[in-house]
Amino acid sequence: MGGTRTCLPHCSPCKCWESCRVLWSCALCPPPHLQHGGGHGPGSPTEPRGHGPGGASPGTRPRQEVSLLRWACAPLLWGHRGFCQEPDPGGPPARCQELWRDPRPSPALLRHVPARADAPPQDPPVLFPPAELQRRAAGLLGMEEALFVPTATMANLIAVMCHCQRRGAQLILGQDAHLHRFKHGGAAQVAGIHPQVLPDLPDGTFDLERLELTIREAHGSRYHPRPELICLENTHSSAGGRALPLAYLRQVRGLAGRYGLRVHMDGARLMNAAVAQDVEPARIARHCDSVSLCFSKGLGAPAGAVLAGRREFVAEAWRARKLLGGGMRQAGVLAAAARLGLERAEATLRRDHDNARRFAEGIQELNSPVCSVNLAAVETNIVMVSIRGGWPSPAELCQHLRAVSEEELAETGQAVSVLLFPWSAHAVRAVWHRDVSARDTELAKNKLEFVARKCQEKLAQGLRPTPPSAGGA
Ligand SMILES: Cc1ncc(COP(=O)(O)O)c(C=O)c1O
């Protein structure tokens, strides 16, 4: 029995779907050498080594872990020198007893920074002023100001709260928009708006005639909720990471302006759109009154997002952030990671897009009766794999991709566990991020090829194998 047994570690307890969708690795888990029995990553008490269906069983070779798990901000922690403000040259000696706020990162935290005696002086610092991050993000997005918040969910919610100040205002958004489908209807629950959903077209846009009809119906009516805000999502996640065309954005903005509505963009993956369209992010954001941007997706930071817009809007957003408990004390650690993500965005995202495309091309070449992909729809780091026929279902296909077996090892010389997400009744979703390399992509593609072939054989024999249980091959 040759070959290697490869486990692509995942992070189920933390449910960080975004980082984990493909070949799960979690930006939140510290690398193994930083783990001291805590945490939830591989090696932690909640995540036994050899976890998952391919867990080392008696008689098999020990699993060789191709650890894709890199702590997204680990490089930030090397060679830490801390962030300190320059003393005022003309002022008193720069010793300051800070009694007005809670502490900066404690020495205990910093002791966990791996010492790197050879750290080059240009290594990024472990802390970065959030105000400076906000300034840079605002500049990048061509907005007057930006506000650092813990998550894109909060950024979007704050945007809705600030744009729709009248209770019961109408928010027009796509029925598949993240803001609508997920997060427990926070916009309705917390912001008190009335969501008016429109069908999302396959490219993530709205039918503009339908949009205008919807606005006109309610505009000036005493019987309808008052339409105040349109929310767009870019890239559009449910549409498979489609980047909204700039001409479309201009049209939506024009329409909104005619009826006095504002436009917010859920730009959690706006940088992916900018890279795919080869434009400055500001060229996208200029068609909106406000835009959010997430640092903890393709940009690889452990947490954080910004909400950008006009000065008065951001001043109001600051209050809403307080209300929601999103004001963070030691935010410099997160800002440092976000800054690094921004600085490396273009190279990282281009690589992710290339890997996603290669994976999609591989599926298309399979020409399999089991699954297919629409290559024209693969624009960024997301690939929606369509399931043809009734079997296997998306969940069953995911189980087969996750399981490893002796048969796989014997036939392919590999035993690879791939984790995808069953997105809908007919599709599974794969998302690329900084911890998935070209080699990992190749392994995942080969695994899908193997699974599709096995399913095809069973179908030809009129058999429908029982999907492997989560615990074994
Ligand atoms: C389009 C979109 N917007 C917002 C979010 C929420 O991001 P966060 O997890 O940072 O709250 C997500 C998360 O997947 C998303 O896909």
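Residues numbered from 1 in each chain as written. Predicted model: local features only at pLDDT ≥ 70, side-chain atom pairs only at ≥ 80, totals over all residues.

Let's talk about the sheet that holds strand β14 (residues 427-431)
Here is the rule we go by: When DSSP locates at least two bridges between a pair of strands, those strands are taken to pair. In this text, helices come from DSSP runs of H or I with a minimum length of four residues, and strands from runs of E with a minimum of two, each type numbered from the N-terminal end. We call two residues in contact when their backbone-placed C-beta atoms lie within 7 Å. Lines fitted to C-alpha atoms define the axes here, with helix axes fitted over just the stretch in contact, and angles between the N-to-C directions of these axes take values from 0 to 180 degrees.
The strand order β10-β11-β14-β13 describes an open sheet built from 4 strands, whose pairing is antiparallel. Here the strands that pair on one side only, and so sit at the sheet edges, are β10 (371-372) and β13 (421-424). Sheet strands in contact with helix α14 (residues 345-366) are β10, β11 (382-387) and β14, and its direction is about 20° off that of β11. Seen against the sheet, helix α15 (residues 394-402) touches β10, β11, β13 and β14 and runs at an angle of roughly 165° to β13.

So, α14
In an α-helix, one full turn covers 3.6 residues, which means residues spaced three or four apart are oriented alike. What counts here: Expected helix span is taken as 1.5 Å per residue step, with the number of steps being one fewer than the number of residues. With C-beta atoms placed from the backbone, the exposure class of a residue follows from how many other C-beta atoms lie within 10 Å of its own: 20 or more, buried; 12 or fewer, exposed; in between, partly exposed. By definition, the arc is the one covered by directions from the helix axis to the C-beta atoms.
The end-to-end C-alpha distance of α14 is 32 Å, a good match for the 32 Å that 22 residues give at a rise of 1.5 Å each. For α14, the complete set of buried residues consists of A345, T348, L349, D352, H353, N355, A356, F359, A360 and I363. Down the axis of α14, the buried side of the element spans an arc of 165°, and every buried residue falls inside it. Opposite the packed face of α14, turned more than 90 degrees from it, sit the exposed residues A347 and E365. Where α14 is buried, its residues touch α10 (270-277), α13 (331-343), β10, β11, β14 and α17 (438-460). Once α14 ends, the next one or two residues include N367, with phi positive near 50°.

Considering the confidence of the model for the protein
Interpretation of this model should avoid reading the predicted coordinates in detail wherever pLDDT is low. For clarity, the threshold we go by: What pLDDT conveys is the predictor's confidence in a given residue, as a value from 0 to 100.
In this model, the protein carries an average pLDDT of 80, and 71% of its residues clear a pLDDT of 70 or more. In the predicted structure, residues 1-89 sits below a pLDDT of 50 and forms 202 contacts with residues beyond four places in sequence or in another chain. Per-residue pLDDT stays below 50 along residues 108-117; that stretch engages in 10 contacts with residues further than four places along the chain or on separate chains.

Focus on the packing of helix α5 (residues 152-163) against helix α12 (residues 311-323)
Cut-off, in case you're wondering: Note: crossing handedness is left-handed where the near helix turns anticlockwise from the far helix by less than a right angle, and right-handed where it turns clockwise.
At their nearest, the axes of α5 and α12 sit 9 Å apart, and the two run at 115° to each other. Along this stretch, α5 crosses α12, giving a crossing that reads as right-handed. Taking contact as the criterion, the partners of I158, M161 and C162 in α5 are, on α12, F313, E316, A317, A320 and R321.

A look at the site of the ligand
Stated precisely, the cut-off is as follows: Being near a molecule or strand means, for a residue, that its backbone-placed C-beta atom lies within 6 Å of it. In this classification, the charged set is Asp, Glu, Lys and Arg, the nonpolar set is Ala, Val, Leu, Ile, Met, Phe, Trp, Tyr, Cys and Pro, and all remaining amino acids, among them Gly, are polar.
Near the ligand, the surroundings consist of 12 residues, among which T151, A152, T153, H178 and A268 are the closest. Considered class by class, the residues forming the shell around the ligand number 4 nonpolar, 5 polar and 3 charged.

Focus on the packing of α10 against α14
Convention followed: Throughout, the term roughly parallel applies to angles under 35 degrees, roughly antiparallel to angles over 145, roughly perpendicular to angles from 65 to 115, and oblique to all others.
Here α10 crosses α14 at 75°, and the two axes come no closer than 10 Å. The pairing of α10 with α14 is recorded here as roughly perpendicular in orientation. Contact residues: M271, N272, V275 and A276 in α10; A345, E346, L349, R350 and H353 in α14. Broken down by class, the residue content of the contact of α10 with α14 amounts to 5 nonpolar, 2 polar and 2 charged.

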